[in-house]
Amino acid sequence: MRYANITGWGKCLPPAVLTNEDLTKVMDTSDEWISTRTGIKERRITHVKYSELAALAGKRALAAAGLDAADIDMIILATAAPDNMIPNGASAVQHQLGATNAAVFDLNAACTGFVYGLSLATAMVRSGSVERVMVIGVDGIPYYLDWTMRDVSVLFGDAAGAVIVEPSDKESGLLADKLGCDGDARDILMACDSGAVRERFGPVDGHFAINFEGQEIFKRAVRGMGFAMNNVLEKLNLKPEDVDLVVPHQANIRIIETLAKRLNAPMEKVMVNIEKYGNTSAATVPVALCEALEQGRIKPGDNVLAAAFGAGLTWGAFLVRWGDRVEPLGTCDDELPPCDKTALEILQPWIEGGRRANGL
């Protein structure tokens, strides 16, 4: 049987760090208020386009797999924040990589985008329609935020993570998944005027109305991810104790802890990096996978269970049986251009715009 193994991985975090202490300078909050409710201590803010974050994560994944960009048959860009709506963001990534042989498209499942993307890439490789697929999760939710909304704006950061999927005759890679969506409640997590519903000839102030119903999102996130993870284990006749590492969406430490309890998984088996990056949306799972590998927390043959939940309300989970290699074959020396501003300086125009839009 043909399987689809993960052979390369890479991440990209912009250098500008926005701490909880920084946020106290622009809103009524405190490090204690944020960290006790979310688990977040800091997050990153990009000074470059989101396609540049994605492309650098992709270059690092290529190096880890020992491949050239021309070897890639398809790029799936999981994002809710492409550089442009037309053309797609994936075409910008293809151009920056020089992946001229790759078909490309964007996949918008919000925070669940990487989970959806890896599921699709696996199915296509296993079917034989393509040989090598790059899946990238990248998002820039801070771009959409109303920075006068304390409960929401403290949650998100910028990042990108990528993996390479190739065929294998060994039972490895994504072995089972479960994807879903609670479309009936899509309005509880929404950038309300971010698309074609926006008044075409109305005032363009760069401000997006955000609806974020935290308590209901929490309940549905736990229910959706919990159901998906248990469904995946049932498909493979596995028990929670058969899982070597859980990689949950990094949205809120309380959600992560609740999921771990429902899965009967000790926190030592749960990958957590939310304190450093906040919620990076579609990038949380691939970035966490990269860091788990860097920390030696994934070994050959390990069962890695991942889950995510996002606007839509999309949800999903997959189980990956890791292949033989946990070390990259090569490294990429490329870096982002230097950043000459602090994270607060990058955000300042957005913060002031939000205040003006709200009459503050």
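Anyway, here's the lowdown on the structure attached to this text. None of the values given here were measured: they were computed from a predicted structure.

What counts and what doesn't
- Residues numbered from 1 in each chain as written.
- Predicted model: local features only at pLDDT ≥ 70, side-chain atom pairs only at ≥ 80, totals over all residues.
- Heavy atoms only, no water.
- Helix = DSSP H or I, 4+ residues; strand = E, 2+ residues; numbered from the N terminus.
- Rg over C-alpha atoms; globule rule 2.2 N^0.38 Å.
- Buried < 20%, exposed > 50% of the residue type's maximum accessible area, 1.4 Å probe, protein only.
- Contact = heavy atoms within 4.5 Å.
- Phe/Tyr/Trp six-rings, centres within 6.5 Å; stacked < 30°, edge-to-face > 60°.
- Lys NZ or Arg CZ within 6 Å of the ring centre and 35° of its normal.
- Core = buried A, V, L, I, M, F, W, Y, C linked by side-chain atoms within 4.5 Å.
- Expected span 1.5 Å × (residues − 1).
- Disulfide = S-S within 2.5 Å.
- Axes fitted to C-alpha atoms, helices over the stretch in contact; angles between N-to-C directions.
- Left-handed = near helix turned anticlockwise from the far one by under 90°.
- Nonpolar A, V, L, I, M, F, W, Y, C, P; charged D, E, K, R; others polar.

1. Here we look at the overall build of the chain
The secondary structure content of the chain amounts to 11 helices and 13 strands. For a compact globule of 360 residues, the expected C-alpha radius of gyration is about 21 Å, and the chain comes in at 19 Å, within 12% of that figure. With the C-alpha coordinates of the chain rotated into their principal frame, the extents come out at 60 × 45 × 35 Å. Counting the 360 residues in the chain, one finds 56% classified as buried. Across the chain, the fraction of contacts at a sequence separation of at least 24, relative to all contacts at a separation of at least 6, is 79%.

2. What to know about helix α10 (residues 284-294)
Side chains of residues three or four places apart in an α-helix project in the same direction, reflecting 3.6 residues per turn. Across the 11 residues that make up α10, a large majority, 10, are buried. Within the sequence span of α10, burial applies to T284, V285, P286, V287, A288, L289, C290, E291, A292 and L293. Phi turns positive one or two residues past the end of α10, at G296, with a value near 70°.

3. A few points about the packing of aromatic side chains
For the structure on display, the rule yields 4 aromatic pairs. Relative to Y144, the ring of Y143 lies with its centre 5.3 Å away and its plane at 80°, an arrangement referred to as edge-to-face. Both rings, one in F227 and one in W315, keep their centres 5.7 Å apart while their planes meet at 90°; by these two values the pair is edge-to-face. Of the two residues, F227 sits in helix α7 (residues 214-235) while W315 sits in strand β13 (residues 314-321), which places them 88 residues apart along the sequence. Overall, W315 belongs to the buried group, its relative accessible area being 9%. In this structure, R150 packs its charged tip against the face of W33, placed 4.1 Å from the ring centre.

4. Digging into the nonpolar core
Judged by nonpolar contacts, the single largest core of 54 residues is most densely connected at L97 and I136. Top contributing element to this core by residue count: helix α3 (residues 50-65), with 9 residues. I136 has contacts with A54, I75, I76, L77, A78, V93, G161 and A162, leaving out every residue within four places of it along the chain. Formed by 35 residues, the second largest nonpolar core is a distinct cluster that contains I6, V133, V163 and M271.

5. Things to note about helix α5 (residues 113-127)
With 15 residues, α5 should cover 21 Å at 1.5 Å per step; its first-to-last C-alpha distance of 21 Å lies within 8% of that length. Here α5 has its buried residues at G113, F114, V115, G117, L118, S119, A121, T122 and V125. Following α5 by one or two positions, G128 has its phi on the positive side, about 90°.

6. Here's the deal with the state of the cysteines
Counted by the stated rule, this structure contains 0 disulfides. C181 forms no disulfide, and the closest cysteine sulfur to it belongs to C111, at a distance of 13 Å. Counting only cysteine sulfurs, C12 is the nearest neighbor of C332, a cysteine outside any disulfide, at a range of 9.7 Å.

7. A few points about the packing of α7 against helix α8 (residues 253-262)
Taken N-terminus to C-terminus, the directions of α7 and α8 make an angle of 40°; their axes are 10 Å apart at the nearest point. The element α7 and its partner α8 pack so that their crossing is right-handed. Counted together, F218, A221, V222, R223, M225, G226 and M229 of α7 and R254, I255, T258, L259 and R262 of α8 form the full contact between these two elements. When the residues that make up the contact of α7 with α8 are grouped by side-chain class, the tally is 7 nonpolar, 2 polar and 3 charged.

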